[in-house]
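What follows is the residue order along each chain.
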Amino acid sequence: MIDKSIRQLVSYALDCGLIEKEDEIYCTNRLLEILGLDEYNEPEEPLEKAELEDILNVLLDYAAEKEIIKNDVTSRDLFDTKLMSVFVPRPSYIINKFSSLYEKSPKEATDFYYRFSRDTDYIRRYRVSKDLKWKSESDYGELDITVNLSKPEKTPEEIAAAKKAKQSGYPKCLLCPENEGYAGRMNHPARQNHRIIPITIDGSEWGFQYSPYVYYNEHCIVFNKKHIPMKIDRSAFRKLFDFVKLFPHYFIGSNADLPIVGGSILSHEHFQGGNYEFAMAKAPIEKTYTVKGFEDVEVGRVRWPMSVIRISAKDTDRLVELADRILTKWRSYTDESCFIFAETDGEKHSTITPIARKRGDKFEMDLVLRNNITTEEHPFGVFHPHKELHNIKKENIGLIEVMGLAVLPARLKTELKELEKAILDGRDIKENETIAKHADWVASFKDNYTFTAENTKDILQNEVGKVFAKVLEHAGVFKRDENGFAGFDRFVESV
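For the structure given in this document, a descriptive report is provided here. Keep in mind it's a predicted model, so treat the numbers as computed, not measured. (Residues numbered from 1 in each chain as written. Predicted model: local features only at pLDDT ≥ 70, side-chain atom pairs only at ≥ 80, totals over all residues. Heavy atoms only, no water.)

Some words on empty space enclosed by the protein
Reasoning step 1: This structure, assessed with the given rule, holds three cavities of 30 Å³ or more.
Reasoning step 2: When its volume is computed, the largest cavity comes out at roughly 50 Å³.
Reasoning step 3: As for the largest cavity, its lining consists of R301, V302, W304, P305, M306, S307, F478, K479, R480, F485 and F488.
Reasoning step 4: Every element with two or more residues in the lining of the largest cavity is listed here: strand 9 (298–302) and helix 16 (482–494).
Reasoning step 5: Broken down by class, the residue content of the lining of the largest cavity amounts to seven nonpolar, one polar and three charged. (1 Å grid on protein atoms, 1.4 Å probe; cavity = no way out; pocket = protein on both sides within 12 Å on 5 of 7 lines; lining within 4 Å. Points joined across faces, edges and corners; volume = space filled by probe spheres on them. Helix = DSSP H or I, 4+ residues; strand = E, 2+ residues; numbered from the N terminus. Nonpolar A, V, L, I, M, F, W, Y, C, P; charged D, E, K, R; others polar.)

Observations regarding the environment of D77
Reasoning step 1: Looking at the secondary structure, you find D77 in helix 4 (residues 73–84).
Reasoning step 2: Under the relative-accessibility criterion, D77 is labelled buried at 15%. (Buried < 20%, exposed > 50% of the residue type's maximum accessible area, 1.4 Å probe, protein only.)

So, helix 15 (residues 456–475)
Reasoning step 1: Relative to the 28 Å expected for 20 residues at 1.5 Å per residue, helix 15 spans 29 Å between its end C-alpha atoms, a close match to the ideal helical length.
Reasoning step 2: In terms of burial, helix 15 is largely enclosed, as 14 of its 20 residues are buried. (Expected span 1.5 Å × (residues − 1).)

Let's talk about the nonpolar core
Reasoning step 1: Ranked by size, the top nonpolar core spans 94 residues in total, and within it F87, F208, I311 and F478 carry the most contacts.
Reasoning step 2: Element by element, the count of residues in this core is highest for helix 3 (residues 52–65), at eight residues.
Reasoning step 3: Sequence-distant contacts of I311, that is, excluding residues within four places in its chain, are made with V297, E298, V299, L319, L322, A323, I326, F363, E364, M365 and L367.
Reasoning step 4: Membership of the second largest hydrophobic core comes to 51 residues, among which are L419, L460, F468 and V471. (Core = buried A, V, L, I, M, F, W, Y, C linked by side-chain atoms within 4.5 Å. Contact = heavy atoms within 4.5 Å.)

Focus: helix 6 (residues 106–119)
Working note: α-helix, 3.6 residues per turn, so residues spaced by three or four point in the same direction.
Reasoning step 1: The end-to-end C-alpha distance of helix 6, which contains 14 residues, comes to 20 Å, matching closely the 20 Å that a straight helix rising 1.5 Å per residue would cover.
Reasoning step 2: Burial in helix 6 covers these residues: A109, T110, F112, Y113, Y114, F116, S117 and D119.
Reasoning step 3: A side-chain oxygen of the first residue of helix 6 lies 3.1 Å from the backbone nitrogen of K107; this N-cap is S105.
Reasoning step 4: Residue D121 follows helix 6 closely and has a positive phi angle near 70°. (Polar contact = N/O pair within 3.5 Å; in protein donor to acceptor, adjacent residues only side chain to side chain.)

Below you can see the structure in the form of structure tokens.
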């Protein structure tokens, strides 16, 4: 069985083009070394094709049985990455291959690199495929809803082991270039199958890679080679456009640089992009403006639950100039009638989530106005999902969600199934500890439907989509009412 699985893994690498025929014996011997085997018998019978996950599971089970590894998720992830590293060329080879393809077409280069990142199991396709995904109609277009299951759930013992593991400053974080080829540890993932493409933006060295937890097509991460904090400023706008010029088929955006409204890693400057059109990008301009001194730039308010200014022009320098003016004004802008305060007690609250793309012969930037003020009533943030929505979404609203893709917690997979059963069985939701938090939510729409075994799942998913639309409305600084529209106009006039 073990010889067969080793052969299947080598055949997989051959089929994917990760290795050549001449590499077979070498790679087989490398696998034997990692698995602690001295001998190998080439299977005589023809091998049936097997999924990568199944092949690796056999090898992982063997390693656990022989006590080469512990049989937990973290140890298995560290070990299967080590196995896959056998088939991954050195960084220089991948960089040169990418560069030669880029000379033909940026898209050819990214197509190769994305396929490579999937074939090497850096992007674990079999986990990503388990994510729950659906579309939800809203007043703002078709929203993307995902319940992310790509990150494996760890047992309490694994979490405890990670805490006890030796703390290290190497790599400094998950985005640092030192992750490339790193073997990992209990509190840091293995990256031996990871390769980074170096790029230059705004005259500085950056890295280009894909996210191992792809939330959408070709979800990429672009990061500063230096471990420096996130910062939204004029240079950030230049960097975004520099990237779009390198890869015009991709959008690129940045999380904001303040807690609550920012991303999960504020300690390392990075952007996220990819080959996908979000609902926000499709949303139309509902009101146009003329900004004095920038008559050559198209400016408009986007029909979107959050407060978005879209600027468009052929000259990116003009867009950077205007974006910087809008950011500078917003940082110091207060409008008490809309509960917008630039700062309180010396703490600054306002920033911007910017997204850049190329549309036809013009460049475009969406500037999403953000504010992270908190109150006793809203301790997690006034412009953040309010308490009544926390049964579905409590976490920060970052770049991806701003654009219209909900990244919902893995717990919802189980909870939505339990809700479906409880509704169909006519049971009291409040009596089930797992789903009691959803009782008021279900009560708010239950009378609108006749539930059947065929439609209950779809109804729940549709209602989750409605909640996400409300989440985005809560995160909007200027509300979509008469007072909010007037406030939006006053801000643009101040610019």
